[in-house]
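The primary structure of each chain is shown beneath.
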Amino acid sequence: MEKLDELNVWDGLTLGPFTGGINTYKRADSIGKNELVKLTNLRLEKDQVVIDTGYSTFGVAIRGKPQLFHDFISRDGSRRPMLITTDTVYRYIYNEWQYIAGDANTNTTAVAVAGSTTVVVTSTTGFVDNAYIGIILDNGVQHQTQVNGSPVGSTITFDDAIPAGRTVELHADIISAVILKGVESVHVRFDVYAAYDWFMFTNNIDPPKRYDTNNCIDIPNLPKDGDIVCRDIKVFINHVLLLGTTEGGISYPQRVRRSDTGDPLEWILGNAGYEDLLDDAYVIMGAESLGPYLIIYKNKSIVRYSYVGSSFRTFYAETMVSDEGAVSGAAFVKADDRHVFMGNENIYVYMGGMDLQKIGDKISYNVMGEGGDLSPNYQQTTLAIYVKNLKEVWFAYPSGSNTNPDKVIRIRIDSGAWVSRVFNNIITGWGTYITSDDKAWGELVGSWDVQTWRWGAQALTQGSEHIMLCGADKQVYRYDYSSTDDNGDGIAYTLETREIYHERLHTRVDMISFSIRSSTLVTIEYSEDKGVTWAAYGTTTPGTAFKTVEIYKQIIAKRLRFRLTGIGGNFGLEWIYIKSSTEGEW
């Protein structure tokens, strides 16, 4: 029997600051006072829980589903925001997505006026019926349309007329867009070969391609007459590497094929060659550099690739980790001096040695465990990205029956705290981007007098790299740290506390107080059955500044947890105080 002085005495329990993030690894009544059961669409900032920022559209909808955004910086210092879709390749310029030239480009030899559906050009080679083309108008905008019929002589006919008020000037560029056959379930992987000013990518369906700031074509001179596809492409110690290849229709999932030293056009002679990583039969998923090494992730092992440079061996491959690897070809990312990746059993930090550091225990049960919602059939679509400004690694993954990522889990690499995010759009890829005003000479339109930008200027929204989200709806979105909604939809948040539980006692709650802010309604509820059902406790709209709010209502239960929900309102929470007492069961 409990001592009388332990019962019926009002006491207090303070929860927070919630620096520990989500913890579902332990029972809800045994997690720390700085941890929570659920933290959705909220983030941790300066010992506070605050509502996450949102995103807005970036450009108009494009052709094909976007898979990769990369801010390609060329040797002249100009930025070329690139977008790879399942169908083609774009560059963002003049506030629009413009096709990149594929195998064919030409120039006009005569002016075409508004309403025209034909242009006269220097060469029609490569411009075939139904090809997607881009025609540069007098204002720099690209008129995108399709070729209508085979060209006749030097004339190309197209479907959509030149818009009213616009013309196609003499010597205007006309390009035939890149043709891709990508699928959204297979990631696009890329690298930059700065020495050649190449942006290279592969979708494991089309031959690997390179963009040299002029056009985007298959990497020349590949073996098997160019009949090669690969899972990943990397530049390592002045070699271009193709990883996990299919050559002439034959699959070599453990192969690493390399170009000659310093020559991405030579794949036969010199130091060109290949190695098959056959310490095990696991397949290569992808690779990422780490210090002096290239770390190659297989589906159930990790290989460290290092440079030797001797007369009989160029590289040395050593299996460092067995029985664990990456769930997808994009489920790993370099975060400063380490890699963070989603494996089959957990999420890990990898430093390049023989050990893995588990960092996903607190959320693995909800994601990868027996009760997890990660789709086992589509886990290969999982994505990882390092958000340097927030010191967070994000993983987007498909839940339930979804075929592409619909949920995001985020970990702060300095504290190991997890939060979760649910975007209103299915994600098929992402990347980072710094908004800037820098321009290459060749990008200028009109006379010098009409230029309005400042020489050397760079404008940063919120001073940070933005996260570019590739939506399955063929739209790119920008997560810019300032938007207060998700493309017009309010951000709905949920915070669920640890549980109050005594094995032989009941808890009577008299009052709850908060240090809280919100310009919109916050609903507080409680649960007596481990979060299965919820009952109302109270509501508050505290205002735009943090203030202490007290809500009085007596409830008694064997176990109790609380939940705060709302939409937007710049919500923030510092701590929760629960005034309670314990009572006997009889």
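Residues numbered from 1 in each chain as written. Predicted model: local features only at pLDDT ≥ 70, side-chain atom pairs only at ≥ 80, totals over all residues. Heavy atoms only, no water.

(A) Looking closely at the packing of aromatic side chains. Throughout the structure, instances matching the rule amount to 32 aromatic pairs. Where phenylalanine 69 meets tryptophan 97, the ring centres are 6.2 Å apart and the plane angle is 80°; that geometry is what we call edge-to-face. Of the two residues, phenylalanine 69 sits in strand β8 (residues 66–73) while tryptophan 97 sits in strand β11 (residues 96–99), which places them 28 residues apart along the sequence. Note on accessibility: phenylalanine 69 and tryptophan 97 belong to one class, buried. With centroids separated by 5.8 Å and ring planes inclined at 90°, the aromatic side chains of tyrosine 537 and phenylalanine 562 adopt a geometry described as edge-to-face. Taken together, the positions of tyrosine 537 in strand β47 (residues 535–540) and phenylalanine 562 in strand β49 (residues 559–567) put the pair 25 residues apart, joining distant regions of the chain. For the pair formed by tyrosine 537 and phenylalanine 562, the shared burial category is buried. Through a chain of ring-to-ring contacts, the aromatic side chains of Tyr55, Trp394, Phe423, Trp430, Tyr477, Tyr479 and Tyr481 assemble into a single cluster. The ring centre of tyrosine 132 lies 3.5 Å from the NZ or CZ of arginine 63, which sits over that ring. (Phe/Tyr/Trp six-rings, centres within 6.5 Å; stacked < 30°, edge-to-face > 60°. Helix = DSSP H or I, 4+ residues; strand = E, 2+ residues; numbered from the N terminus. Buried < 20%, exposed > 50% of the residue type's maximum accessible area, 1.4 Å probe, protein only. Lys NZ or Arg CZ within 6 Å of the ring centre and 35° of its normal.)

(B) Region of the structure containing the sheet that holds strand β24 (residues 250–258). One open sheet accounts for 4 strands, arranged β22-β23-β24-β25; its pairing is antiparallel. Looking at strand neighbours, the two that pair on one side only are β22 (228–236) and β25 (273–276), the edges of this open sheet. Each neighbouring strand pair of the sheet contributes to a mean axis angle of 25°, computed without reference to strand direction. In this structure, β22 lies alongside strand β23 (residues 239–247), joined through 8 bridges in antiparallel fashion. Opposite aspartate 232, over in β23, you have leucine 243 as the bridge partner. (Pairing = 2+ DSSP bridges. Axes fitted to C-alpha atoms, helices over the stretch in contact; angles between N-to-C directions.)

(C) Just the sheet that holds strand β30 (residues 332–335), in detail. Sheet architecture is open: 4 strands sit in the order β30-β31-β32-β33, paired in antiparallel fashion. In the strand order of this sheet, the two ends are held by β30 and β33 (356–358), each with one partner. The average angle at which neighbouring strand axes cross in this sheet is 30°, direction not considered. Two elements, strand β31 (residues 338–342) and strand β32 (residues 347–350), share 4 bridges in a ladder whose sense is antiparallel. When the sheet's bridge partners are listed, valine 340 is paired in β32 with valine 349.

(D) Inspection of unusual backbone geometry at higher detail. Backbone torsion omega between glycine 16 and proline 17 reads -5°, so that peptide bond is classified as cis. Inspection of the secondary structure assignment puts proline 17 in the loop between β1 (11–15) and β2 (21–22). A positive phi angle, near 60°, is found at aspartate 197, a position not held by glycine. Turning to its location among the elements, aspartate 197 is positioned in the loop between β18 (189–193) and β19 (198–202). Take aspartate 197: its relative accessible area is 11%, and that puts it in the buried class.

(E) Representation of the side chain of arginine 79 in the model. In this structure, arginine 79 sits in strand β9 (residues 79–85). Polar contacts involving the side chain of arginine 79 include one to the side chain of aspartate 71, which spans 2.7 Å. (Polar contact = N/O pair within 3.5 Å; in protein donor to acceptor, adjacent residues only side chain to side chain.)

(F) Broad picture of the layout of surface pockets. Considering only enclosed or pocket space, the largest pocket measures out at about 1,000 Å³ in volume. Around the largest pocket, the lining comprises 38 residues; the ones closest to its centre are His70, Phe190, Glu288, Val333 and Thr432. Secondary-structure elements contributing two or more residues to the lining of the largest pocket are β8, β18, β22, β26 (284–290), β30, β34 (383–387) and β38 (427–433). Ranked by residue count, the leading element in the lining of the largest pocket is β8, at 7 residues. (1 Å grid on protein atoms, 1.4 Å probe; cavity = no way out; pocket = protein on both sides within 12 Å on 5 of 7 lines; lining within 4 Å. Points joined across faces, edges and corners; volume = space filled by probe spheres on them.)

(G) Spotlight on the environment of histidine 506. Mapping histidine 506 onto the fold places it in strand β45 (residues 505–518). Considering only alpha carbons, one finds histidine 506 and arginine 559, 53 residues apart in sequence, at a separation of 7.2 Å.

(H) Geometry of the state of the cysteines. Evaluated as defined, the whole model comprises 0 disulfides. The thiol of cysteine 216 is not disulfide-bonded; the next cysteine sulfur, from cysteine 230, is found 13 Å away. Left unpaired, cysteine 470 is separated from the closest cysteine sulfur, that of cysteine 216, by 16 Å. We classify cysteine 470 as buried; its relative accessible area is 0%. (Disulfide = S-S within 2.5 Å.)

(I) The pairing of β30, seen in detail. Two elements, β30 and β31, share 4 bridges in a ladder whose sense is antiparallel. Note on β31: the bridge partner recorded for phenylalanine 332 is phenylalanine 341. Between β30 and β31, which pair antiparallel one after the other, the connecting turn spans 2 residues, and aspartate 336 there sits at a positive phi close to 60°.

(J) Summary view of the pattern of salt bridges. Throughout the structure, instances matching the rule amount to 34 salt bridges. Across the pair aspartate 52 and arginine 410 runs a salt bridge, and its minimum N-O distance is 2.8 Å. Here aspartate 52 is found in the loop between β6 (48–51) and β7 (55–57), whereas its partner arginine 410 is found in strand β36 (residues 407–412), with 358 residues between them in sequence. The exposure classification of aspartate 52 matches that of arginine 410, with both residues buried. (Salt bridge = Lys/Arg side-chain N within 4 Å of Asp/Glu carboxyl O.)

(K) Examining the environment of threonine 19 more closely. Assignment of secondary structure puts threonine 19 in the loop between β1 and β2. Remark: the alpha-carbon pair of threonine 19 and lysine 33, spanning 14 residues in sequence, is separated by 9.4 Å. Apart from residues lying up to four places away in sequence, threonine 19 is in contact with Asn34, Leu44, Asp47, Ser415 and Ala417. Of note is the side chain of threonine 19, whose polar atom sits 3.3 Å from the side chain of asparagine 34. (Contact = heavy atoms within 4.5 Å.)

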